[in-house]
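# Commentary on secondary and tertiary structure
Each chain, written out:
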Amino acid sequence: MARKNFKSPCVFLDRDGTLIHDNNYLSSPEQVKLYSYSAAAINKLHKAGFKVIVTTNQSGIARGKFALKTLSLIHKRFFSLLKEQGSKIDGLYFCPHIDEDKCNCRKPKIGMVLQAAREHNIDLKNSFVVGDILRDYMTGVNMGGKGILLLSGHGKKQVKLLKKEKTKPFAICRNLLTAANLIIKTMTGDDFA
Ligand SMILES: [Zn+2]
């Protein structure tokens with residue numbers, strides 16, 4: 001029975017280096033390649049009761065590396081690759097800015113997760129942000145939830161920068177699949193690993 005006022009927990013996923021192979025300013029739909037485990041990880045999280053939403057910094061737009069129209073084609077390709085594997089996400093938000101724009105959406109700022117929380121009725125305190133960049137786990141901390149740093153993508157280099165930071169990730173995980181297992185175990189007590 002649907003509960004009124006029930007807010008869902010959510011796992012916010014980074015895109016490049018988390019769900020798809022990082023290609024430094026990936027700029028065409030043909031370059032989109034899912035990691036082998038991405039669809040499985042999303043489906044596990046859904047089954048455990050999480051919403052799964054992608055939040056991605058796409059400063060390549062502000063830097064003139066690709067157009068908004070191209071980004072939308074890249075995302076169309078991304079959705080279709082997920083669909084081929086029997087998976088889908090609940091939403092996708094991107095920030096097209098650079099730091100100098102002083103926007104509210106570029107991670108580690110929480111504009112994208114706040115917007116998603118309003119539009120998808122999400123309980124941010126019981127939600128996670130997962131990605132391969134320090135900005136990702138910091139977004140989780142900044143929203144009052146948890147952040148996980150992955151070692152896929154840029155993660156192995158990023159993890160070396162952690163000691164300079166005041167805040168720490170909830171966990172450091174090998175990749176999205178190990179992170180999904182940990183999240184499910186943490187939130188439900190079930191061991192899906
Ligand atoms: Zn922005």
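A brief report on the enclosed structure follows. In this text the structure is predicted, and so the values were computed from the model without any measurement.

We now examine the overall build of the protein chain. When helices and strands are tallied, the protein chain shows 6 helices and 6 strands. Tracing the protein chain from N to C terminus, the helices and strands come up as β-α-β-α-β-α-β-α-β-α-β-α. Taken against the 2.2 N^0.38 rule, which gives 16 Å for 193 residues, the C-alpha radius of gyration of the protein chain at 16 Å falls within 12% of a compact globule. In terms of principal-axis extent, the alpha carbons of the protein chain reach across some 45 × 40 × 30 Å. The proportion of buried residues among the 193 residues of the protein chain is 48%. Within the structure as shown, the protein chain displays about 9900 Å² of accessible surface, and the carbon and sulfur contribution to it stands at 52%. In the protein chain, the 32 positive side-chain charges and the 16 negative ones have mean positions that sit 2 Å from each other.

Attention now moves to the coordination of the zinc ion. Around the zinc ion, the protein contributes the donor atoms Cys95 (SG), His97 (ND1), Cys103 (SG) and Cys105 (SG), which lie 2.1 to 2.2 Å from the metal centre. Coordination geometry of the zinc ion: the 4 donor atoms subtend angles of 99 to 116° at the metal centre, consistent with an arrangement described as tetrahedral. Of note, the zinc ion draws all its donor residues from one chain, in the sequence arrangement C-x1-H-x5-C-x1-C. When its relative accessible area of 25% is taken as the criterion, His97 is described as partly exposed.

We now examine the pairing of strand 1 (residues 10-13). Here strand 1 shows two buried faces, one formed by Cys10 and Phe12 and the other by Val11 and Leu13. In this sheet, strand 2 (residues 51-57) lies alongside strand 1 in parallel orientation, the contact comprising 4 bridges. Its bridge partner lying in strand 2, Leu13 is registered against Val54. Since strand 1 and strand 2 lie parallel, the crossover through helix 1 (residues 38-47) that links them has a hand, and here it is right-handed. Relative to strand 4 (residues 128-131), strand 1 is paired through 3 bridges, and the arrangement is parallel. Bridge pairing in strand 4 links Val11 to Phe128.

We now examine the layout of surface pockets. Empty space within the largest pocket amounts to approximately 430 Å³. As for the largest pocket, its lining consists of 18 residues, of which Asp22, Tyr25, Asn57, Ser59 and Ile133 are closest to the centre. Where the lining of the largest pocket is concerned, the elements lending two or more residues are strand 2 and helix 4 (134-142). Its residues assigned to classes, the lining of the largest pocket comprises 2 nonpolar, 7 polar and 9 charged.

In the structure shown here, the tally under the stated rule is 5 salt bridges. A salt bridge links Arg135 to Asp99, with the shortest nitrogen-to-oxygen separation between them at 2.8 Å. Taken together, the residues Arg135 in helix 4 and Asp99 in the loop between strand 3 (91-95) and helix 3 (111-120) connect sequence positions 36 residues apart. For Lys107, the salt bridge goes to Asp136, with nearest N and O atoms at 2.8 Å. Placement of Lys107 in the loop between strand 3 and helix 3 and of Asp136 in helix 4 is noted, with a sequence separation of 29 residues between them. One exposure class covers both Lys107 and Asp136, and it is buried. Each member of the salt-bridge network shares a partner with another, and the members are Asp14, Lys107 and Asp136.

With that out of the way, let us pick up the sheet that holds strand 4. The strands making up a sheet associate through backbone hydrogen bonding, with each pair oriented either parallel or antiparallel. Judged by pairing direction, the sheet is parallel, and its 6 strands sit side by side in the order 3-2-1-4-5-6 without closing on themselves. The outermost strands of the open sheet, each flanked by one partner alone, are strand 3 and strand 6 (171-173). Taken pair by pair, the neighbouring strands of this sheet meet at an average axis angle of 25°, ignoring direction. Two strands pair when backbone bridges link them, and strand 4 and strand 5 (residues 146-150) are joined in this way by 4 bridges, in the parallel orientation. Bridge pairing in strand 5 places Gly131 opposite Leu149. Relative to strand 2, helix 1 is tilted by about 135°, and along the sheet it contacts strand 1 and strand 2.

Thresholds, definitions, all that
Residues numbered from 1 in each chain as written. Predicted model: local features only at pLDDT ≥ 70, side-chain atom pairs only at ≥ 80, totals over all residues. Heavy atoms only, no water. Helix = DSSP H or I, 4+ residues; strand = E, 2+ residues; numbered from the N terminus. Rg over C-alpha atoms; globule rule 2.2 N^0.38 Å. Buried < 20%, exposed > 50% of the residue type's maximum accessible area, 1.4 Å probe, protein only. Areas by Shrake-Rupley, 256 points an atom, 1.4 Å probe, with all protein chains shown as cover. Lys, Arg positive; Asp, Glu negative; His and termini not counted. Charge placed at Lys NZ, Arg CZ, Asp CG, Glu CD. Donors = N, O, S within 2.8 Å, 3.2 Å for Na, K, Ca; no water. Tetrahedral: all angles 85-135°; square planar, octahedral: opposite > 155°, others 65-115°. Pairing = 2+ DSSP bridges. Right-handed = clockwise from strand over helix to strand, strands pointing away. 1 Å grid on protein atoms, 1.4 Å probe; cavity = no way out; pocket = protein on both sides within 12 Å on 5 of 7 lines; lining within 4 Å. Points joined across faces, edges and corners; volume = space filled by probe spheres on them. Nonpolar A, V, L, I, M, F, W, Y, C, P; charged D, E, K, R; others polar. Salt bridge = Lys/Arg side-chain N within 4 Å of Asp/Glu carboxyl O. Axes fitted to C-alpha atoms, helices over the stretch in contact; angles between N-to-C directions. Contact = heavy atoms within 4.5 Å.

Nothing here speaks to function; it is geometry throughout.
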